[in-house]
Amino acid sequence: MPASPDLLRVDDLGLRCELGSFHVDPWRPVEHAVITHAHADHARPGSGRYWCAEAGLGLARRRLGAKAEITPIPYGQPFDLGSVRVSLHPAGHVLGSAQVRVESPAGEVWVAAGDYKRAHDPTCAPFEPIPCDAFITEATFALPVYRFPEPGIVMDEIVRWWRENAERGRVCVLFCYALGKAQRLLAELHARREQLPQAFAWVHGSTNLLNPAYAEGGIDLLPTRRVSDRDANNPKDAHGKRDYTGHLVLAPPSAAGSTWMRRFGPASRVDTAFASGWMHIRGVRRRRGYDRGFVISDHADWADLVRTIEEIGCRRVLATHGSSRTLARYLREQGLDASELETPYETEGEDG
Amino acid sequence: MRRFADLFERLDRTTSTNARLDAMAAYFRETPPEDAAWGVYFLIGEKLKRLVKSADLRRWAMREAGIEEWLFRECRASVGDMAETIALLLPERAHDPEPSPEPVLLLETLGEDADAPSERDLSLSRWVERLSVLRHLEPREQERRVVSWWRELSAREVFILNKLMTGALRVGVSRTLVVRALARAFNIEKERVAHRLMGGFEPTPDAFCRLIAPEGSAEDRNVSRPYPFFLASPIAATSDQEADVESLGDAREYLAEWKWDGIRAQLIKRAGEAGGSLTLWSRGDEDLTLRFPEVTAAAARTPGAFVLDGELVAYDHDAQRPHPFGVLQTRIGRTNVHERALREAPGVFIAYDVLELDAADLRSRALVERRRLLEDLLHAHAGDRRAITVSECVVATSWEALRERRASSRSRGVEGLMLKRLDSPYRVGRVRGDWWKWKVEPLTIDAVLTYAQPGSGRRANLLTDYTFSVWRNEPGGELVTITKAYSGLNAKEIETLDKWIRQHTLERFGPVRRVEPTHVFEIGFEAIGVSDRHKAGLALRFPRMLRWRTDKNPHDADTLASVLELLPSRGADAPPAQTVQEADALHPLPEKTEDSRTL
């Protein structure tokens, strides 16, 4: 039997399925786009039609605009595009994140997993291993040094950090990615609400923008207040500034070191932290100049990447993002047909 | 060791100087002297003599973690630290307890008693004893012990243990901060602690007790101990990046001297038992006494007891200027000094200052007075080609005149001028206000970025070790590597460049990436010499990136010929074209970075 051409392959616009005439997470506008999740580098506006997981519709809508034509599809429900059968399955990355399963008329199955993780996350459906012939995996943290602690343990550390700083009369600013990580933290904090110094958290406007999509999805988050809203319950201190002593503020990493931070008082009274998988490496943590780094990631760590590929039992693996070369070489040494999926953009952003 | 690991964690967890001081002060107060002594020793950046080969350590860790060498190397490149890489790779272990709450806090509600040393917790000094034995063991036995420790310790302790085995701790506290913490913990003047810490610190309980002894104790008289150095500050720049000397006041209130490019050192000759002592200490707290016998011999011939502050250089008596720093380097680290070295790279101690004369501490006197005493002391014993001289005063009455003199720096083989207030005392450390360094503008070339690899320490996982090239012949032809450089870009530029490099990598050799020759950088450096270190056959001293020349395209970068113009003497020193070609063949790749580089 002659080798059939790859069901999914990279072209100038993104990950292309020729038989289905669509792209997965195209980086430029295309006619048909299947979206794995709503992060900006995966869901770009401008395409003709979109398909996404039903659970992710709210976020996709906010990201792609009111006018975008989006078809929500429940997890596991097949639909046809061109001559292939497509279905979306939970990826466990953020709310509504999906793996894209594509089946050719000849019965060959490819899965593009997008970003995924296996660790517990109360804000999204857990990752489901889907049997397939070829698996396209992310490789953001594909080095064996990345072995993340249990999120529950890290969340307890965050609570403790907040409490200690509250007792010392300090403000806690926890930087985190505005979509996904922030809500995951808020959901975990909500589950620990009895132990918190305050019944709510302050948030930067960009974080709050996306919270309603979670409420629509029925996910309980710790109540939030926008820093930019003037709130009578938060009195001004002697210097005429609003007093955030003992409070927790969630903000995107871009706010670090900006003038926006000044409202929380002198740096000596503010304890900063960053919640990200990158905080696993001391040098990265120190470079960023945060007081604390909490290792909590929406990406699979090394152990989970390797375990997932084993569980799926596919013949062929294509690795993309981050340490894709390393992962591919390692898998080849384990006897798999593994290679890098070359994309024009090698993203190794620190949004993990 | 748990207590020390906790201290490390606490220091690592804050960026606040005050919190760090408090954490260290508490540690010094609460820790028995035998452990606190080692704490001081490691915190000021000292390390144990090599205990095991780092290649062995890597092999044991690979075996224990069950990974191949190439994968270990990838990890090492990404983490930027050997000790941490190993700690992260070793099999799963219990999650560390939180470090004990800080003493200022009473967190009864949070309650865990992490500070109570467990049955198995060995003190820091006992760990050092355990480690020190390693050096004398067979590799097989070394491995057995190290692996068993890895298995029994928590992840945080494994990291500290690895740090102690592989090199300095680097927890981001300076020697000065340790001094301040000791001063705070035991209520002693920090200048006194700084002084007591000079001349090499022996990590013994006695030494620690002497360090924290009450003021005026016998401890403050030690015959070989240097004084803490007084360091000059850079002059604030004007808007057009020129040093704003006019802001310093009247030029006539300053003593100007050449800024020699050597090793800052103190020459100590004191009376005492057994004929007294004669020592040469570097600012890096290294004992150079045996390495420069010509200098110590000259000091022995000079009558009286004294402590001089000066610069050690290798001097070219014929040319009447110092040899380049590279020549001095051939003398450092060599205690067995041959006749040839004495002839080709004679050491000269250029004295700036006298800090002590016949047992009297002169540091609080005015510079002008110390200077007179210095001249009296040394001029009385003048001789030709002396190994001890007095630094020349650069006489001028205006900034303008000094500026003109400064312009001759490079041809004199000096780095610029030093400006010292005539009435200044000899202070401790880098105190702004009295002493200034007015360095000459660096030499510059425009070079193309051609290779990059990840940095270490806080630049882990960022491509920040850059290699630059110039055109061998005509622009657009072949590029030859000329230098590496790491510093000079701001965080934003580093991030932008990192992203660009990842997207424009042409080839990879392990962690090293060859990138498209697109970006031009202005590289500044202090001197240039012949060397086979890079393909271009040249070596730059203190290279750094001055500017990212986004306005230039690679064709605008320098050629080898234009760089060679910068060599001090285009005579016998210049590399013949042939040599450059040969060096090329030997270095197909840019050089590896050493683990030891501090960032």
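Residues numbered from 1 in each chain as written. Chains lettered and ligands numbered in written order. Predicted model: local features only at pLDDT ≥ 70, side-chain atom pairs only at ≥ 80, totals over all residues. Heavy atoms only, no water.

Looking only at helices and strands, chain B has 21 helices and 20 strands in total. Residue burial in chain B is summarised as follows: out of 599 residues, 53% are buried. For chain B, the accessible area works out to roughly 27300 Å², and carbon and sulfur atoms hold 49% of it. (Helix = DSSP H or I, 4+ residues; strand = E, 2+ residues; numbered from the N terminus. Buried < 20%, exposed > 50% of the residue type's maximum accessible area, 1.4 Å probe, protein only. Areas by Shrake-Rupley, 256 points an atom, 1.4 Å probe, with all protein chains shown as cover.)

Here the focus is the interface of chain A and chain B. Between chain A and chain B, the residue contacts involve 36 residues of the former and 47 residues of the latter. Here R282 of chain A makes a salt bridge to D12 of chain B, at a shortest N to O gap of 3.0 Å. Along the contact surface separating chain A from chain B lie 8 residue pairs in polar contact (both at pLDDT 80 or more). Elements with a contribution of two residues or more to the side of chain A that touches chain B: α2 (151-167), α6 (282-288) and α8 (324-333) of chain A. (Contact = heavy atoms within 4.5 Å. Salt bridge = Lys/Arg side-chain N within 4 Å of Asp/Glu carboxyl O. Polar contact = N/O pair within 3.5 Å; in protein donor to acceptor, adjacent residues only side chain to side chain.)

So, about the confidence of the model for chain A. On average, residues of chain A carry a pLDDT of 91, and 93% of them reach 70 or more. Across residues 348-352 of chain A, confidence stays below pLDDT 50; counting only partners more than four residues off in sequence or on other chains, it has 22 contacts. (pLDDT = per-residue confidence, 0-100.)

Let us look at the confidence of the model for chain B. All names here are of chain B. In the predicted model, chain B carries a mean pLDDT of 85, and 87% of its residues have values of at least 70. Residue range residues 101-119 is modelled with pLDDT below 50. Its contacts to residues more than four positions away, or to other chains, number 26 contacts. Low confidence marks residues 570-599, where pLDDT is under 50. Its contacts with residues over four positions away, or in another chain, come to 50 contacts.

The next subject is the environment of A237 of chain B. Residues and elements named next belong to chain B. Turning to its location among the elements, A237 is positioned in the loop between β1 (233-234) and β2 (254-258). Note on A237: relative accessible area 49%, which makes it partly exposed. Beyond its immediate chain neighbours, meaning those up to four positions away, A237 contacts E242, A243 and D244.

This part is about the side chain of T483 of chain B. As for its placement among the helices and strands, T483 of chain B is situated in strand β14 (residues 479-485). Excluding residues within four positions of it along the chain, T483 of chain B makes contact with Y466, T467, F468, I523, H534, L540 and P543 of chain B.

Turning our eyes to something else, we now look at the packing of aromatic side chains. Applying the stated criterion across every chain, the model contains 34 aromatic pairs over all chains. Ring centres 5.2 Å apart and planes at 40° place the aromatic pair F274 of chain A and Y290 of chain A in the tilted group. With F274 of chain A in strand β16 (residues 270-275) and Y290 of chain A in the loop between α6 and β17 (292-294), this pair connects stretches of sequence that are 16 residues apart. Y290 of chain A shares its class with F274 of chain A; the two are buried. Judged by centre distance (6.3 Å) and plane angle (50°), the ring pair of F4 of chain B and F42 of chain B falls under tilted. Of this pair, F4 of chain B sits in helix α1 (residues 2-12) while F42 of chain B is found in helix α3 (residues 33-43), placing the two residues 38 residues apart along the sequence. Residue F4 of chain B is classed as buried on the basis of its relative accessible area of 2%. A residue is classified by how much of its surface remains accessible, and F42 of chain B, at 4% relative accessible area, is buried. When the ring centre of F325 of chain B is taken as reference, the NZ or CZ atom of R541 of chain B above it lies at 3.8 Å. (Phe/Tyr/Trp six-rings, centres within 6.5 Å; stacked < 30°, edge-to-face > 60°. Lys NZ or Arg CZ within 6 Å of the ring centre and 35° of its normal.)

Attention shifts here to the pattern of salt bridges. Within this structure, the stated rule accounts for 68 salt bridges over all chains. A salt bridge links R175 of chain B to D285 of chain B; the shortest N-O distance between them is 3.0 Å. Highlighted residues: R175 of chain B in helix α10 (residues 175-186) and D285 of chain B in the loop between β4 (277-282) and α13 (293-301), separated in sequence by 110 residues. Between E522 of chain B and R547 of chain B there is a salt bridge, with the nearest N and O atoms lying 2.8 Å from each other. Pair noted here: E522 of chain B is in strand β17 (residues 520-525) and R547 of chain B is in strand β20 (residues 544-548), with a separation of 25 residues, a long-range link. Residues participating in the shared-partner salt-bridge network are K117, D121, R184 and D298 of chain A.

Residues and elements named next belong to chain A. Here 7 strands make up an open sheet; going across it, the order is β7-β8-β9-β10-β11-β18-β19 and the pairing mixed. The strands lining the two open edges of the sheet, one partner per strand, are β7 (79-81) and β19 (337-340). Going from strand to strand, the sheet's axes swing by 25° on average, the running direction of each strand aside. Examined bridge by bridge, strand β9 (residues 98-103) and strand β10 (residues 109-112) share 4 bridges and lie antiparallel to one another. (Pairing = 2+ DSSP bridges. Axes fitted to C-alpha atoms, helices over the stretch in contact; angles between N-to-C directions.)

Further remarks concern the environment of E143 of chain B. Residue and element names in this part refer to chain B. Within the secondary structure layout, E143 lies in helix α8 (residues 139-152). Between the alpha carbons of E143 and R59 there is a distance of 9.4 Å; along the sequence they are 84 residues apart. Excluding anything up to four places from it in sequence, E143 contacts W60 and R63.

Moving on to α10 of chain B. Residues and elements named next belong to chain B. Over its 12 residues, α10 extends 17 Å from the first C-alpha to the last, a length consistent with the 16 Å expected when each residue adds 1.5 Å. On its buried face, α10 sits against α2 (17-30), α3, α11 (190-196) and α12 (205-211). After α10 finishes, the residue N187 shows a positive phi value of roughly 55°. (Expected span 1.5 Å × (residues − 1).)

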